[in-house]
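Given next are the chains, with one letter for each unit.
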Amino acid sequence: LEREPLLAPSLIRAFAVPDAVCNSHTLCGLLAQASLRSGASLLPFHRVEGLLVEDGRVEGAVVKDLRAGRSLEIRARITVNATGPWAGTLAGMAAVHLSMDLRRGAMAAWKGRLVRSAVQRLRLPGDADVILPRGGVTIGGTTEVPTDDPGDRGLGAGELEVMTAGLAVLLP
């Protein structure tokens, strides 16, 4: 409680572990810069419409410029599927079945920095188990809801209330 004075005084035990919060925007920016320095081309606002498959090998992709509406064929020695929850969809374009267990999660932000470091409940993963400092806000979450849609950004009825009640155990 000395280190994190707003944590619930009813906590029985707490452990300080060397942990950190990764700034995903900074990480992506640094990856983009390093890739460009190594000769890569980046095409923001482009969506893969299909893969170019020849003799069972992916030779590139057809992408659509979402701003201009034009399609472009890109050839590559190596094609990497780094599409996260869309990996199964992209693999299917090469006639490869990739089973995905998709789950979406929601997090909420509260004004003000309520904790100094990442706070994690020590239990099996579930809803409402992490509180993170991020700039001038505190982020808490998460929920875990099965979905079939990799683009699912919905928030189910009662989801925010379940998360808020669960996090109140740590941070009343």
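Relevant structure appears above.
Conventions adopted
- Residues numbered from 1 in each chain as written.
- Predicted model: local features only at pLDDT ≥ 70, side-chain atom pairs only at ≥ 80, totals over all residues.
- Heavy atoms only, no water.
- Helix = DSSP H or I, 4+ residues; strand = E, 2+ residues; numbered from the N terminus.
- Rg over C-alpha atoms; globule rule 2.2 N^0.38 Å.
- Buried < 20%, exposed > 50% of the residue type's maximum accessible area, 1.4 Å probe, protein only.
- Contact = heavy atoms within 4.5 Å.
- Areas by Shrake-Rupley, 256 points an atom, 1.4 Å probe, with all protein chains shown as cover.
- Pairing = 2+ DSSP bridges.
- Axes fitted to C-alpha atoms, helices over the stretch in contact; angles between N-to-C directions.
- Salt bridge = Lys/Arg side-chain N within 4 Å of Asp/Glu carboxyl O.
- Core = buried A, V, L, I, M, F, W, Y, C linked by side-chain atoms within 4.5 Å.

## Focus: the overall build of the protein chain
Alright, step 1. Scanning the protein chain from terminus to terminus reveals 3 helices and 9 strands.
Alright, step 2. Taken from the N to the C terminus, the helices and strands of the protein chain come in the order α-β-β-β-α-β-β-β-β-β-β-α.
Alright, step 3. Relative to the globule expectation of 16 Å for 172 residues, the C-alpha radius of gyration of the protein chain, 21 Å, shows a markedly less compact shape.
Alright, step 4. With respect to the principal axes defined by its C-alpha atoms, the protein chain has extents near 65 × 35 × 30 Å.
Alright, step 5. In the protein chain, buried positions account for 23% of the 172 residues.
Alright, step 6. Considering only contacts within the protein chain whose residues lie at least 6 apart along the sequence, 50% involve residues at least 24 apart.
Alright, step 7. By element, 58% of the accessible surface of the protein chain is carried by carbon and sulfur atoms, the whole surface being about 12200 Å².

## Concerning the sheet that holds strand β6 (residues 119–120)
Strands in a sheet are paired, the pairing made by backbone hydrogen bonds, and the direction either parallel or antiparallel.
Alright, step 1. The 4 strands lie next to each other as β5-β8-β7-β6, forming an open sheet whose pairing is antiparallel. The sheet is open, and its two edges are formed by β5 (107–111) and β6, each paired on a single side.
Alright, step 2. Sheet topology places β6 next to strand β7 (residues 130–134); 2 bridges connect them, and they run antiparallel. Note on β7: the bridge partner recorded for Gln-120 is Val-130.
Alright, step 3. Strands in contact with helix α3 (residues 159–168) are β5, β7 and β8 (137–141); relative to β5, the strand with the most contacts, it is inclined by about 60°.

## Points about the pattern of salt bridges
Alright, step 1. Evaluated as defined, the whole model comprises 8 salt bridges.
Alright, step 2. Residue Arg-57 pairs with Glu-59 through a salt bridge whose shortest N-O separation is 3.2 Å.
Alright, step 3. Residues joined by salt bridges that share partners form a network here, namely Glu-54, Glu-73 and Arg-75.

## A few points about the sheet that holds strand β1 (residues 46–54)
Alright, step 1. On the basis of which strands lie adjacent, the open sheet formed by 3 strands has the order β1-β2-β3 and antiparallel pairing. Both edges of this open sheet fall to β1 and β3 (71–75), since each of them pairs with a single strand only. Across this sheet, the average inter-strand angle for adjacent strands is 25°, counted without regard to direction.
Alright, step 2. Bridge count for strand β2 (residues 57–65) against β3 is 5 bridges, and the pairing is antiparallel. In the strand pairing of β3, Gly-60 is matched with Arg-75.

## Overview of the pairing of β8
Working note: regular strand, side chains alternate between the two faces of the sheet.
Alright, step 1. Sheet topology places β5 next to β8; 5 bridges connect them, and they run antiparallel. When the sheet's bridge partners are listed, Ala-108 is paired in β8 with Gly-140.
Alright, step 2. Across 5 bridges, β7 lies against β8 in antiparallel orientation. In the sheet register, Pro-133 faces β8, and the bridge partner there is Thr-138.
Alright, step 3. From the end of β7 to the start of β8, which pair antiparallel, there are 2 residues, and Gly-135 there has a positive phi angle of about 60°.

## Points about the nonpolar core
Alright, step 1. Counting residues in hydrophobic clusters, the biggest one holds 10 residues: Leu-7, Ala-108, Val-115, Val-119, Ala-128, Ile-131, Met-163, Leu-167, Leu-170 and Leu-171.
Alright, step 2. With near-sequence residues (within four places) excluded, Ile-131 lies in contact with Val-115, Ser-117, Ala-118, Val-119, Thr-138, Ile-139, Gly-140, Leu-167, Leu-170 and Leu-171.
Alright, step 3. In terms of nonpolar packing, the next biggest core, distinct from the first, is built from 5 residues, Leu-51, Ala-61, Val-63 and Ala-94 among them.

## Some details on unusual backbone geometry
Alright, step 1. In the segment running from Gly-141 into Thr-142, the intervening peptide bond is cis, with an omega of 0°.
Alright, step 2. Position of Thr-142 among the secondary structure elements: in the loop between β8 and β9 (145–146).
Alright, step 3. For Asp-55, which is not a glycine, the phi torsion comes out positive at approximately 55°.
Alright, step 4. On the secondary structure map, Asp-55 appears in the loop between β1 and β2.
Alright, step 5. You will see that Ala-95, though not glycine, has its phi angle at about 60°, which is positive.
Alright, step 6. On the secondary structure map, Ala-95 appears in the loop between α2 (87–92) and β4 (103–104).

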